[in-house]
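So the chains spell out like this:
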Amino acid sequence: MSYHVNEKGYYGAFGGAYIPEMLYPNVEELRRSYLNIMQKDAFQKEFHQLLKDYVGRPSPLYFAKRLSEKYNTKIYLKREDLNHTGAHKVNNTIGQILMAKKLGKNRIIAETGAGQHGVATATVCALMGIECIVYMGEIDIARQAPNVARMKMLGASVVPALSGSRTLKDATNEAIRDWINNPIDTHYIIGSAIGPHPYPDMVTRFQSVISKEIKTQLLEKEGRDNPDYVVACIGGGSNAAGTYYHFLDDESVGIIAVEAAGKGIHSGESAATSALGKEGVIHGCKTLLMQTQDGQITEPYSISAGLDYPGVGPMHAHLYQTGRAEFYSATDQEAMAAGLELTKLEGIIPAIETGHALAIFEHKKFNPDDLVVLSLSGRGDKDLDTYINYFNL
Amino acid sequence: MNRILKKLQEDKKLLSIYFTAGYPELTDTVNIIQQLEQSGVDMIEIGLPFSDPLADGPTIQESSTIALKNGMHTELLFDQLKDIRKSVTIPLIIMGYFNPMLQYGVEKFCKKCSELGIDGLIMPDLPLDVYQEKYQDIYKKYNLSNVFLITPQTSEERIREIDTVSDSFIYMVSSASTTGAKSGFGSEQKQYFELIANMNLKNPQIVGFGISNAATFNQATALAKGAIIGSAFIKYLSKNGIATVSDFVKRIR
């Protein structure tokens, strides 16, 4: 069983490139060249140099002593929250801006929900002096004002997506439409492990630096390079894909995904795609997708804007379907409580997305000698308003 | 013979009109089709609305959103079309996105279209390779044409490939854009129209995107077999309702 993408762009039944012909030349150009470009020594050297000097990698692997005591198991946190711009997103945008330069593109577009990917994209565009346009749902613009300001400071144009529900799904539609209208000079930096092939694989490879470092760091600390479990939260699934990547083929490592259940899986306000989704096509790939019986894509809900997506990356759909990964979901309330708990026990305020991953310890009992590595995908600064309102701080 | 092929043999430039089923009102579908035929339109694309129409600009997005709000869905459209062949003889094509068709069941969808007298399908996000591998036999079995798009960025090699797989006409997108984004044609488009005309493709080409009036219709069809109007017609319906559809058509030719 392979958990990697095949030569046609599929993970089992999922993936592919379901795109209108207008996008074919761009996606095909990328498909043909992405591996060649990425695998060149000079590219890898520049990529890793920037990850080290600009992003601050390797991110620490931190043994969370008090959290471990509380749940009577051994918990390590992979500190993606300490990256420049505050989350794992920048690993991918550094990679893709270098890719865009190699492809000769001089205009960058991106979609963003909470604004983390938008900020990470605007950041690398500022770094490289490249024009940047970020599409963001009108509703998200209103509720993520600090990130909108950051993007503007970084020189990006933030364009409101006014169609549909005016959130992440619609921002993605608008970015794709921009690409259709600007097929020559523009590269689209997709922020998650979604979209037409080769995007899910390319994003996963750029994010795989997370699991690569985990192996090295764990060997140093524990004398073994594979944990018993890796845990990550999943919306589209880029941080999860990077966290799992080097463990996919090692079946002794349990893979755990935590989705956002919103107000409860069956409340009608949820983003638990594996539980609620059916096979379908969204944003250019076949995957598990929340939709009506009639094939119209439905609106997800989560308190965390980063998990508020109606689909899941095709790699994860395959991990779910084959049973390679265990899927759980955490409600808003569980994620918020877990976020607050980490803050009190370890002095780390996590992003609410990460709060979902942390809620795993209330759902699953680990053994005392289990080694659990959890991806702390982002810091909670951007979520302070939500924390304040939720807990009446 | 398939109605589309017969129509393509007529010695005239063809006018094809797109509209979104369920817009402006849920039950306008049959009325609009009948009026379009009576006004002399040669072919109709019935839009099956989708929540996330990636290739469409704001006009068709808006009409799709309203149509869905009105309650349009696949089975209902089929139901509205059940007697359409009693009153309409011109070719009818369903244009939509792949996911609703996938959820309905591709074979079931094709069978139903065939029973209703639908002649072809345009699914912009069903890629050529997936069609060939999985669905071509089903389309053939139900005598449905699959219409592919080409754009100014499509390579000659790929245009030849699409020409080989096509079995009625090729939908020639006039410029790199979503629907309704641009109006009118410049020298770039004229060059592109000439280039395609000189390729001597086996399938005739019908131009879409950017056609809104008699002038652009004539420019688009100078070399191609016909042209498709979508967004401009939707805008007309938004403003004038469905009572005077023939006025719109008369202004084109």
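Computed from a prediction, not measured in an experiment: that's the story for all the values here.

In terms of regular secondary structure, chain A is built from 17 helices and 14 strands. For chain A, whose C-alpha radius of gyration is 19 Å, the value lies close to the compact-globule estimate of 21 Å for 393 residues. Dimensions of chain A along its principal axes, counting C-alpha atoms only, are 55 × 45 × 40 Å. With 393 residues in all, chain A has 65% of them scored as buried. Only carbon and sulfur atoms are counted for the fraction: they give 51% of the accessible area of chain A, which is about 13,600 Å². Measuring between centres, the 38 positive side-chain charges of chain A sit 3 Å from its 45 negative side-chain charges.

Further remarks concern the nonpolar core. Inside soluble globular proteins, nonpolar side chains tend to come together where they are buried. Core analysis: the largest hydrophobic core is formed by 184 residues, its most contacted members being Y244(A) and I46(B). In contact with Y244(A), not counting residues within four places along its chain, are S211(A), V230(A), A232(A), I234(A), I255(A), I256(A), A257(A), M315(A), H316(A) and L319(A). Listed in part, the 27 residues of the second largest apolar core include I75(A), V231(A), A260(A) and L374(A).

Further remarks concern the sheet that holds strand β10 (residues 254-262) of chain A. Backbone hydrogen bonds are what pair the strands of a sheet, in a parallel or an antiparallel way. Residues and elements named next belong to chain A. Read across the open sheet, the six strands follow the order β3-β4-β14-β9-β10-β13; overall the sheet is mixed. This sheet does not close on itself; its edge strands, each paired only once, are β3 (61-63) and β13 (325-331). For this sheet, the mean angle separating the axes of adjacent strands, direction not counted, is 25°. Inspection of the sheet shows strand β4 (residues 74-79) paired to strand β14 (residues 371-376) by six bridges, in the parallel sense. The residue of β14 that forms the bridge with Y76 is V373. On the sheet, helix α10 (residues 209-222) packs against β3, β4 and β14 and is oriented at approximately 135° with respect to β4. In the packing of helix α14 (residues 332-346) onto the sheet, the strands contacted are β3, β4, β10, β13 and β14, and the crossing angle to β13 comes to about 90°.

What follows is about the environment of S267(A). All names here are of chain A. Mapped onto the elements, S267 comes out in the loop between β10 and α12 (273-276). Considering only alpha carbons, one finds S267 and D332, 65 residues apart in sequence, at a separation of 12 Å. A polar contact of 3.0 Å, which involves the side chain of S267, links it to the backbone nitrogen of E269.

Cut-offs applied
Residues numbered from 1 in each chain as written. Chains lettered and ligands numbered in written order. Predicted model: local features only at pLDDT ≥ 70, side-chain atom pairs only at ≥ 80, totals over all residues. Heavy atoms only, no water. Helix = DSSP H or I, 4+ residues; strand = E, 2+ residues; numbered from the N terminus. Rg over C-alpha atoms; globule rule 2.2 N^0.38 Å. Buried < 20%, exposed > 50% of the residue type's maximum accessible area, 1.4 Å probe, protein only. Areas by Shrake-Rupley, 256 points an atom, 1.4 Å probe, with all protein chains shown as cover. Lys, Arg positive; Asp, Glu negative; His and termini not counted. Charge placed at Lys NZ, Arg CZ, Asp CG, Glu CD. Core = buried A, V, L, I, M, F, W, Y, C linked by side-chain atoms within 4.5 Å. Contact = heavy atoms within 4.5 Å. Pairing = 2+ DSSP bridges. Axes fitted to C-alpha atoms, helices over the stretch in contact; angles between N-to-C directions. Polar contact = N/O pair within 3.5 Å; in protein donor to acceptor, adjacent residues only side chain to side chain.

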